[in-house]
Amino acid sequence: MATQPTTKPQDFEAFCRETFNPKKEFAKPEVLKGYRVLSCTQYILGPSCASYLAELGAEVIKIEAPRRGEAMRHTTPFNEPFLYPLSKWVPERGTGLGFLGANPNEYFVSIDFHRPEGQALVKNLAAKSDVFVENYRPGTFDRWGIGYRQLKEINPRLIYCWLGGFGGWGPGRVRASYDILGQSQGGNFGMTGKQEFLGGAPAKHTIWLADYWGGMMGATQVLAALYWRDHVSGEGTFTEYSQVHGVTRQLEYALPLYGKHGITRERWGNWDTQLCVHGIIKCGKSSYPQSENPQEMEEGYILISASADKDFARLCKAIGDTTLAGKYAKADIRVKAESQMEIYPALEKWAADKTKEQVAAIMDTNNIINQPVWNAKEVAEHPHWNERGAVRWLDDPTYGELLHQGPAYKMSATPPRLKWALKPVGADNEHIFGNLAGLTPDDIKRLEDQECI
Ligand SMILES: CC(C)(COP(=O)(O)OP(=O)(O)OC[C@H]1O[C@@H](n2cnc3c(N)ncnc32)[C@H](O)[C@@H]1OP(=O)(O)O)[C@@H](O)C(=O)NCCC(=O)NCCS
């Protein structure tokens, strides 16, 4: 006879809270501890790839150009030296905020890839590493004598992850690429942005989605290659990731639609081509009319999702509209373009005298999925994200207290974690070149004086 449990099982919420408690991250092991990654990366695409591995505990050594470091340190505002100093050699410059978020938990060294002594140093480190990540133009590292073909002679177990614009072969391969180009050529911007009759045009994302997504895909390739090496073949791998192709991979049904029916998917802005209601509407009143930030003084916006017939019926009841409820009761009629062109303006008319919070409260009362469109301040201050460590105050060893994103996922046994946000260029030259590469303090000083490191 089965024994009846004498105590109540822990509820799921309490179980998750205890299992994933961000305060206990550092008491648990790191899943990639013991793996060493060289990150010869710039901007966001390559750096984010390496940083995802660093969040999981890999020892990531970022190699930058001596003194000034990589381009991303110079491409964003707020790079005054008192904020995040650039390097001890260039005291008058700082590191721009764009560098934050793409390089946490890493060691920072500098090497000039042009110089024979610099190239020898890269080989020295690559011989002792598991993974090499770079995102320069195709063949640049090969030209410098430190590409995959040269490094695999030294270390056949090396996993070489190259992230580029268009891939390593083909007529368009040598062009420069950036996130914005990837999203444009990959087909994303062609369907992003408001409809022309709403005054819209193709729109770019403010954040570098193709870069961060590409970095994650690169990290996925690396993990698969590590599995292949460590559990199947014993051998390294050369991987390639095309930023443009990565965007095309996300086009959902747009390519099958074109292939089968010759229909080109169009922009549909803040509405949705497959579901209605499933979009963003404008609320007529600002939530912060006294704000000093002009965009906060603007009207608010809210996402409403009520695409199932019963949800749409409740939505119509909530806004007191019987006409829409009768006319558009069925999803397949509601989703048509001309229907949406009547439904969304009606919702906005109803919301014209309300803030996004007032609309949200009415939607909550009526059990309709909604979410006010939040800005960074609203995200930073929300208790849910703070409690979960998605947003956290980090006691950074170099820069002190700073607000930062935590890793975006949880793992019960081996949680990813945030140790530090960034360091100046070459901050770990002595530690890495001395302890790992075997250079003497005199070697390091000479190479630093010569700007080789
Ligand atoms: C970003 C990008 C456009 C920059 O192009 P680029 O600077 O003209 O060309 P490369 O990437 O081949 O970089 C070579 C240059 O890096 C510079 N460089 C950077 N770090 C260096 C270092 N540590 N040592 C020596 N040179 C260095 C040199 O000036 C070198 O040029 P040179 O050999 O002709 O003197 C290009 O790398 C690219 O398309 N990358 C793939 C897509 C990508 O990741 N884009 C950025 C993210 S959006």
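Heads up: these notes are all about the structure in this document. (Residues numbered from 1 in each chain as written. Predicted model: local features only at pLDDT ≥ 70, side-chain atom pairs only at ≥ 80, totals over all residues.)

**Examining the overall build of the chain**
The line we're drawing: Note on conventions: DSSP H or I runs of at least 4 residues are helices, E runs of at least 2 residues are strands, and numbering of each starts at the N terminus. Burial in this document is a count-based property: other C-beta atoms within 10 Å of a residue's C-beta are tallied, and the residue is buried at 20 or more, exposed at 12 or fewer, or partly exposed in between, with C-beta positions derived from the backbone. Remark: residues whose backbone-derived C-beta atoms lie within 7 Å of one another are considered to be in contact.
Counting secondary structure elements, the chain contains 19 helices and 11 strands. Dimensions of the chain, computed from C-alpha atoms along their principal axes, come out at roughly 80 × 65 × 60 Å. Residues classed as buried in the chain amount to 35% of the 453 residues present. Looking at the chain alone, contacts between residues at least 24 apart form 66% of all its contacts between residues at least 6 apart.

**Overview of the nonpolar core**
Note the following rule: The nonpolar core is taken to be a set of buried Ala, Val, Leu, Ile, Met, Phe, Trp, Tyr and Cys residues joined by way of C-beta atoms within 7 Å.
Ranked by size, the top nonpolar core spans 65 residues in total, and within it Val37, Leu53, Phe132 and Cys161 carry the most contacts. Top element by residues in this core is helix H7 (residues 209-233). It accounts for seven residues. Apart from the residues lying within four places of it in its own chain, the contact partners of Cys161 are Cys49, Val131, Phe132, Val133, Gly218, Gln221, Val222 and Thr239. In terms of nonpolar packing, the next biggest core, distinct from the first, is built from 22 residues, Cys276, Ile304, Val335 and Leu347 among them.

**Some remarks on helix H2 (residues 45-55)**
Judged by how many residues are buried, H2 sits mostly within the fold: 11 of 11 residues are covered. Those residues of H2 that are buried are in contact with strand S1 (36-40), strand S2 (59-64), strand S4 (131-134), strand S5 (159-164), H7 and helix H8 (243-248). Within two residues after H2, Gly57 carries a phi angle of roughly 105 degrees, on the positive side.

**Some words on the site of the ligand**
Counted only if it meets this: For each residue, a C-beta atom is positioned from the backbone; the residue is called near a molecule or strand if that atom sits within 6 Å of it. Think of it as three bins: nonpolar holds Ala, Val, Leu, Ile, Met, Phe, Trp, Tyr, Cys and Pro, charged holds Asp, Glu, Lys and Arg, and polar takes everything else, Gly as well.
Around the ligand lies a shell of 23 residues, among which Tyr43, Tyr136, Arg137, Thr140 and Ala176 are the nearest. Sorting the residues of the shell around the ligand by element identifies H2 and S5 as the ones contributing at least two each. Looking at the shell around the ligand residue by residue, the classes come out as 10 nonpolar, eight polar and five charged.

**What about the sheet that holds S4?**
This is how it is decided: Paired strands are those between which DSSP finds at least two bridges. Geometry is summarised by axes, namely lines fitted to C-alpha atoms with helices restricted to the contacting stretch, and by angles between N-to-C directions that run from 0 to 180 degrees.
Ordered in space as S3-S2-S1-S4-S5-S6, the six strands form an open sheet in which the pairing is parallel. Where the open sheet ends on each side, the last strands, each with one partner, are strand S3 (107-110) and strand S6 (237-242). Strand-to-strand twist across the sheet, computed as the mean angle between neighbouring axes with direction ignored, equals 20 degrees. Across four bridges, S1 lies against S2 in parallel orientation. Bridge pairing in S2 links Leu38 to Ile61. Those strands touched by H2 are S1, S2, S4 and S5, and its axis lies near 165 degrees from that of S1.

**A short note on unusual backbone geometry**
At the junction of Cys276 and Val277, the peptide bond is cis and its omega measures out at 5 degrees in the coordinates. Looking at the element boundaries, Val277 is found in the loop between helix H9 (254-261) and strand S7 (278-283). Positive phi, close to 65 degrees, is recorded for Asn105, a residue that is not glycine. Tracing the backbone through its elements, the reader meets Asn105 in the loop between S2 and S3. Unlike most non-glycine residues, Asn367 shows phi in positive territory, near 60 degrees. The topology assignment puts Asn367 in the loop between helix H15 (356-365) and strand S9 (369-372). For Asn367, a count of 10 C-beta atoms within 10 Å puts it in the exposed group.

**A look at the sheet that holds S7**
Whether parallel or antiparallel, the strands of a sheet pair through hydrogen bonds between backbone atoms. One open sheet holds the three strands; their spatial order is S7-S8-S9, and the pairing between them is antiparallel. For this open sheet the edge positions go to S7 and S9, each flanked by a neighbour on one side alone. Averaged over all adjacent pairs, the angle separating strand axes in this sheet is 25 degrees, with direction ignored. Looking at chain direction, strand S8 (residues 300-305) and S9 are connected through four bridges and run antiparallel. Residue pairing for S9: Leu303 is matched across the bridge by Gln371. Contacting S7 and S8, helix H14 (residues 337-350) runs over the sheet at an angle of about 35 degrees to S7. Strand contacts of H15: S7, S8 and S9, with the helix running at about 20 degrees to S8, the strand carrying the most contacts.

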